[in-house]
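The chain contents come next:
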Amino acid sequence: MADGTVSDHKPGEIRRTFSTLSTGQDQNGVVQPLLTDLYQITMAYAHWKSEKRTDHAVFDLYFRKNPFRGEFTIFAGLHECLKFFNNYTFSKSDIDYLRTILPPSTEEGFFQYLSDMDLSQVTMYAIPEGSVVFPKVPLLRVEGPLPIVQLLETTLLTLVNYASLVATNAARFRMAAGPGKSLLEFGLRRAQGPDGGLSASKYCYIGGFDGTSNVLAGKLFNIPVKGTHAHAFVTSFTSLDDLKNRMLQPADQSKSLQNLVEMSQTWLDRIEGLLEILKEETHKGELASFISYAMAFPTGFLALVDTYDVLRSGIPNFVAVALSLHDLGYKSIGIRLDSGDLAYLSLRAREIFTKIADKYNLPWFAKLNIVASNDINEETIHSLNQQGHSIDTYGIGTHLVTCQRQPALGCVFKLVEVDGVARMKLSQDMEKMTLPGKKNVFRLYGHDGHALVDLMMQEKEEAPSPGQRVLCRHPFEESKRAYVIPASVEPLLKKYWFEGKICQPVQSLHDIKSRMESSLRSLRADHKRALNPTPYKVSVTAGLYQFMHDLWLHNAPIGELS
Ligand SMILES: Nc1ncnc2c1ncn2[C@@H]1O[C@H](COP(=O)(O)OP(=O)(O)OP(=O)(O)O)[C@@H](O)[C@H]1O
Ligand SMILES: O=P(O)(O)OC[C@H]1O[C@H](OP(=O)(O)OP(=O)(O)O)[C@H](O)[C@@H]1O
Ligand SMILES: O=C(O)c1cccnc1
Ligand SMILES: [Mg+2]
């Protein structure tokens, strides 16, 4: 991203790419077999002792409800799941530690079994990362020896849950802001710890953000890093006397050094009438800080203007320094607003920039970038849009990365089949029933290219074909059903892990971001609107419907009244 709006540092040539990470170093050494719940290990032991080592299990990873009162979710985290699979081995120190926490009666053979364990007998199908996904549909289908696949549950969930939640949050911010705005993730300081911060930067980028302030995320994931400066930089200056270095080299290297402090003061004199301020009112410590920043970044000057008074001090000081820089051949970038009424202040700032542009015949000045930050959430952006504003870039931290509106997605990992026999978890709550058996999933599209419905079916059933009518049933409500004649059909689950290897081309973060954009585009607008969106239909074939309802009746005990 090189929009030139905010000081940015483009990815360097020697930067490690996302795909090289996948083959080599771990981004996150924390992701390892012991990053799991104790009960996975105890179940593995019990399975091992019960001779269930070779039972062939199928598990589905899915969520039950879209987050943020929305009707869609962005699936993210798959690449990290594959890296986890690739590196899956219990080290000697892992085994030594497990010996200390399992009862002394634990048989030696089990520790040997763990030491020898790899994922060569595990197969994983997944929906491509960055896809729009819906409740109940398996995002991952993991098959293999029962104790081994069970052991993967917690780690897969921790890799998918937050990634998908925060990517979805980012996509919602992007939709609220609109395509023309720049979105920067500023959340590291407020995230749930260092790993939360790093994951947020990565998955917000997938979800539609343009960059992050997180430097390590930039280095690790090749994401554009961007930023402005803080209030502390402004308040660290008290007067112009704080400026020891006052001379700046003009852009034309053949010209001699010029005194930026004198030039800025002269410009303040010249603009005070036009801006209807008194030049004495502008804070001279603030002016000094702007001059200092401008000296350091003459081609990337952007000032935080709300430390003292946006209209009577911050903006006039910025304008004076920006016009001085212009005299020296440099174009400034803009301002950041971090408090007050962001709609009103952005409009007033634009008015002032336009006045200057007209008066001094500098059309670019009217287009200066206005960055807004300060506890912005999705509703704030919708509200700003309604009010009218002139913000070009949003810097968003807390609400984005902490997902304050809904802090967890609630993905689950459920057993659906053992040795070819379907399993089903019953619940009073229909939402919590598992859809039994090994399933395939297809997305059916209409003639206008929009997705109509996701259809799950038993693995043995024939895939739907374009132009052929197929009955799509609500999984639980008998009366809800519809015939669909799809214009096109997309199989959603692809084989990603087989015989100990990743078996699809590794996607870069940029590929995943592009998939997110195209996948979201294929969703009708009414499913995406902020208020009361229409639910997208997730359905099952008549065959799967009958199968699961028979199994349901078979498993549910018949009560007796007395
Ligand atoms: N025009 C606007 N419409 C809706 N919300 C806005 C608008 N302008 C700002 N906001 C939001 O209103 C809140 C204002 O925050 P707050 O009440 O803490 O005041 P503040 O501007 O930060 O003042 P101070 O810096 O003096 O504490 C922020 O969450 C901000 O995103
Ligand atoms: O508001 P967020 O969406 O979380 O975005 C990140 C915030 O981080 C910085 O604030 P800082 O840490 O300086 O604290 P303050 O603005 O709350 O005083 C910056 O000025 C933003 O306001
Ligand atoms: O660069 C910025 O302006 C920034 C970075 C982190 C948090 N708040 C602001
Ligand atoms: Mg702030």
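This text goes with the structure placed above it.
Every value quoted in this text rests on a predicted model; they were computed, and no experiment measured them.

Rules used in this analysis
Residues numbered from 1 in each chain as written. Chains lettered and ligands numbered in written order. Predicted model: local features only at pLDDT ≥ 70, side-chain atom pairs only at ≥ 80, totals over all residues. Heavy atoms only, no water. Near = heavy atom within 4 Å. Polar contact = N/O pair within 3.5 Å; in protein donor to acceptor, adjacent residues only side chain to side chain. Areas by Shrake-Rupley, 256 points an atom, 1.4 Å probe, with all protein chains shown as cover. Pairing = 2+ DSSP bridges. Helix = DSSP H or I, 4+ residues; strand = E, 2+ residues; numbered from the N terminus. Nonpolar A, V, L, I, M, F, W, Y, C, P; charged D, E, K, R; others polar. Phe/Tyr/Trp six-rings, centres within 6.5 Å; stacked < 30°, edge-to-face > 60°. Buried < 20%, exposed > 50% of the residue type's maximum accessible area, 1.4 Å probe, protein only. Lys NZ or Arg CZ within 6 Å of the ring centre and 35° of its normal.

Participant: Explain the site of ligand 2 to me, please; I cannot follow it from the model alone.
Facilitator: Taken together, the neighbourhood of ligand 2 is formed by Phe186, Arg189, Arg190, Arg336, Asp338, Asn374, Asp375, Ile376, Ile396, Gly397 and Thr398. For ligand 2, an oxygen atom lies 2.7 Å from a polar atom in the side chain of Asp338. With respect to ligand 2, the backbone of Asp375 contributes an N or O atom lying 2.7 Å from an oxygen atom. Isolated, ligand 2 exposes 480 Å² of accessible area, and the fraction of that covered by the protein chains is 71%.

Participant: So what exactly am I meant to see when it comes to the sheet that holds strand 16 (residues 412–418) here?
Facilitator: Sheets are built from strands paired through backbone hydrogen bonds, the pairs being either parallel or antiparallel. The sheet built from seven strands is open, its strands ordered 17-16-2-6-4-23-24 with antiparallel pairing. At either margin of the open sheet sits one strand with a lone partner, and together these are strand 17 (421–422) and strand 24 (501–502). Two strands pair when backbone bridges link them, and strand 23 (residues 494–498) and strand 24 are joined in this way by two bridges, in the antiparallel orientation. Each bridged residue has a counterpart across the sheet, and for Phe498 the counterpart in strand 24 is Lys501.

Participant: Got a minute to help me understand the site of ligand 3 in this structure?
Facilitator: Near ligand 3, the surroundings consist of Phe186, Arg189, Ser213, Gly227, Thr228 and Arg336. The separation between an oxygen atom of ligand 3 and a polar side-chain atom of Arg336 is 3.3 Å. Split by residue class, the shell around ligand 3 holds one nonpolar, three polar and two charged.

Participant: Where do I start with the packing of aromatic side chains in this structure?
Facilitator: Aromatic ring pairs are defined here through the distance separating the ring centres and the angle between the ring planes. Inspection of every chain in the model, using the stated rule, returns 22 aromatic pairs. Judged by centre distance (6.4 Å) and plane angle (85 degrees), the rings of Phe476 and Trp552 are edge-to-face. Of this pair, Phe476 sits in the loop between strand 20 (470–473) and strand 21 (481–484) while Trp552 sits in helix 19 (residues 542–555); the two residues are 76 residues apart in sequence, bridging distant segments of the chain. Of the residues examined, Trp552 reaches a relative accessible area of 22% and is grouped as partly exposed. Grouped by ring-pair contacts, the aromatic residues Phe290, Phe301, Phe318, Phe353, Trp364 and Phe365 constitute a single cluster. A cation sits over an aromatic face here: Arg473 above Tyr545, 3.8 Å from the ring centre. Its guanidinium or amino end placed over the ring of Phe498, Lys495 lies 3.9 Å from that ring's centre, counting from NZ or CZ.

Function-wise, these values are silent; they only describe arrangement.
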